[in-house]
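Inside the fold
So the chains spell out like this:
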Amino acid sequence: MSKQKPIYVTQPNLPPLEEFYPYLQQIWDNKILTNGGPFHQQLERALCEYLGVQHLALFSNATIALVTALQALRVTGEVITTPYSFVATAHSLLWNGIKPVFVDVDPHTLNIDPARIEAAITPQTTAIMPVHCYGHPCEVEAIQRIADNYNLKVIYDAAHAFGVEDQGGSVLRHGDLSVLSFHATKVFNTFEGGAIICPDARTKQRIDHLKNFGFVDEVTVVAPGINGKMSEINAAFGMLQLQGIDRAIARRKEIDASYRRLLEGVKGIACLGDAGEKVANYSYFPVLVGPDYPLGRDALYDKLKAHDVYARRYFYPLITEFPMYRGLPSAHRENLPVASAAAQKILCLPIYPALGLEDVERVARLIVEA
Ligand SMILES: Cc1ncc(COP(=O)(O)O)c(C=O)c1O
């Protein structure tokens, strides 16, 4: 078999290196490398404007941001969440000594099913942590209604939801806090990075203290905070990335449309639909490989791999299959039939701005000619 160029599930969007040099020069000139320097401040303002949110605190990554968000709201006891996510969602709970309580997902969006939340509430429940999976918004109103009725906090893991809008504006405005990831694999990346979207200046101030060891001033420490600060290099790169973000998302949209056209009518392959968002970010291209397809999901994954196409099974295994979670009563497969079935069928196909139409056609052809 002739060796073709490998196609990975994603490839980071990198502007030409020369464009980054002036930013580096500025850092070298002013010798401020971290601790809320000028690029950090600029990026916080620029992201608030771009995303249409009021307050945002940058972080070194989304995992530390999730851990800090829970601390900021003093969440304890039990938190209701989804098994269908990246492990960091649930890990952020364990890092705070909180017990995750898993509930099943909706079969259409694979986001937490609000109808399952109420039955999982106990006197120990203090919050809900839903995930806007693949950047598709959760049923935010139904979730908020439950939170209001039971006096629960809502922290959205919005790691996938950069730039996503519903009919009322940014999806990040929902809940008490939302957390974005700027990891290399994400729609908007700062190599590593993340942010908490805060509803008001006071909450942002508390979060800013928590991400800097709890320091309020030189001699006052108000909490056992962590080091979650984003460095100036990452923030400067974010400023540069932001210039090309609309183009990057537009290209993702074209790729999404091409896949849908090329895979239309392929028996047993279902492209996941949107969740009614007004502005999508096309962060992933998930398909469900059903029983009508000639190959099982893993056989298709292996076939693609044999042809140097590296799709990924996000999210498989479910979080609840990992040893630190599987002993929990809520982790039993019988409690999670929809998520368990989806984890066996899901395959995320390559999508990133530099992916050419010929690459999309190559991937689709391998699937069509099973
Ligand atoms: C849903 C979800 N939550 C949290 C994270 C953690 O983000 P980070 O890598 O920035 O810590 C990721 C991805 O990496 C994710 O996909």
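This structure is a prediction, so every number in the text was calculated from the model and none was measured.

Structurally, the position occupied by Glu165 is in strand β7 (residues 165-166). Classification of Glu165 by relative accessible area gives partly exposed; the value is 28%. Note: C-alpha distance between Glu165 and Gly135 (30 residues apart in sequence) is 9.7 Å. Look past the residues within four positions of Glu165 in its chain and what remains in contact with it is Ser170, Val171, Glu277, Lys278 and Val279.

The next subject is the layout of surface pockets. Take a probe with the size of a water molecule and roll it over the atoms, and the empty space left behind shows itself. Here the largest pocket defines a volume of roughly 520 Å³. As for the largest pocket, its lining consists of 28 residues, of which Phe86, His183, Thr185, Lys186 and Tyr284 are closest to the centre. When contributions to the lining of the largest pocket are tallied by element, the ones reaching two or more residues are α3 (62-72), α4 (88-94) and β16 (346-349). A breakdown of the residues in the lining of the largest pocket according to their chemical character gives 14 nonpolar, 10 polar and 4 charged.

The subject of this paragraph is the sheet that holds strand β3 (residues 78-81). One open sheet holds the 7 strands; their spatial order is β2-β10-β9-β6-β5-β3-β4, and the pairing between them is mixed. Since the sheet does not close on itself, it has two edges, and those belong to β2 (55-59) and β4 (99-102), each with one partner. Recorded for the sheet is a direction-independent mean angle of 25° between the axes of neighbouring strands. Here β2 pairs with strand β10 (residues 194-198) via 5 bridges, running antiparallel. Following the sheet pairing, Leu56 is matched in β10 by Ile197. The strands that helix α2 (residues 38-51) touches are β2 and β9 (177-181); relative to β2, the one it contacts most, it runs at about 130°. Contacts from helix α7 (residues 201-210) reach β2, β9 and β10 within the one sheet, and its direction differs from that of β2 by about 10°.

A word on the environment of Asn13. Take Asn13: it is sitting in the loop between β1 (7-8) and α1 (21-30). Judged by its relative accessible area of 24%, Asn13 is partly exposed. In the structure, Asn13 is positioned 19 residues away from Ile32 in sequence and 26 Å away in space, judged by C-alpha atoms. When near neighbours in sequence (up to four residues on either side) are disregarded, Asn13 contacts Asn189, Phe237, Gln241, Ala248 and Pro353.

Its location among the elements puts His174 in the loop between β8 (169-170) and β9. Those residues in contact with His174 that sit more than four places away from it in its chain are Val140, Tyr156 and Asp166.

The phi torsion of most residues other than glycine is negative, and most of the peptide bonds are trans. Here the amide bond leading from Tyr314 into Phe315 is cis, since omega sits at 5°, within 30 degrees of zero. Tracing the chain through its elements places Phe315 in the loop between β15 (309-310) and α11 (337-345). In this model, Tyr316 is joined to Pro317 through a cis peptide bond whose omega is -10°. Locating Pro317 in the fold gives a position in the loop between β15 and α11. One non-glycine residue, Lys31, lies in positive phi territory at about 60°.

Looking now at the packing of α3 against α7. The geometry of α3 relative to α7 is characterised by a closest axis approach of 10 Å and an angle of 125° between their N-to-C directions. The orientation of α3 with respect to α7, classified from their angle, is oblique. As α3 packs across α7, the resulting crossing turns out to be right-handed. Contacts from Thr68, Gln71 and Ala72 of α3 reach α7 at Arg206, Ile207 and Leu210. Of the residues belonging to the contact of α3 with α7, the class tally is 3 nonpolar, 2 polar and 1 charged.

Criteria and thresholds
Residues numbered from 1 in each chain as written. Predicted model: local features only at pLDDT ≥ 70, side-chain atom pairs only at ≥ 80, totals over all residues. Heavy atoms only, no water. Helix = DSSP H or I, 4+ residues; strand = E, 2+ residues; numbered from the N terminus. Buried < 20%, exposed > 50% of the residue type's maximum accessible area, 1.4 Å probe, protein only. Contact = heavy atoms within 4.5 Å. 1 Å grid on protein atoms, 1.4 Å probe; cavity = no way out; pocket = protein on both sides within 12 Å on 5 of 7 lines; lining within 4 Å. Points joined across faces, edges and corners; volume = space filled by probe spheres on them. Nonpolar A, V, L, I, M, F, W, Y, C, P; charged D, E, K, R; others polar. Pairing = 2+ DSSP bridges. Axes fitted to C-alpha atoms, helices over the stretch in contact; angles between N-to-C directions. Parallel < 35°, antiparallel > 145°, perpendicular 65-115°, else oblique. Left-handed = near helix turned anticlockwise from the far one by under 90°.

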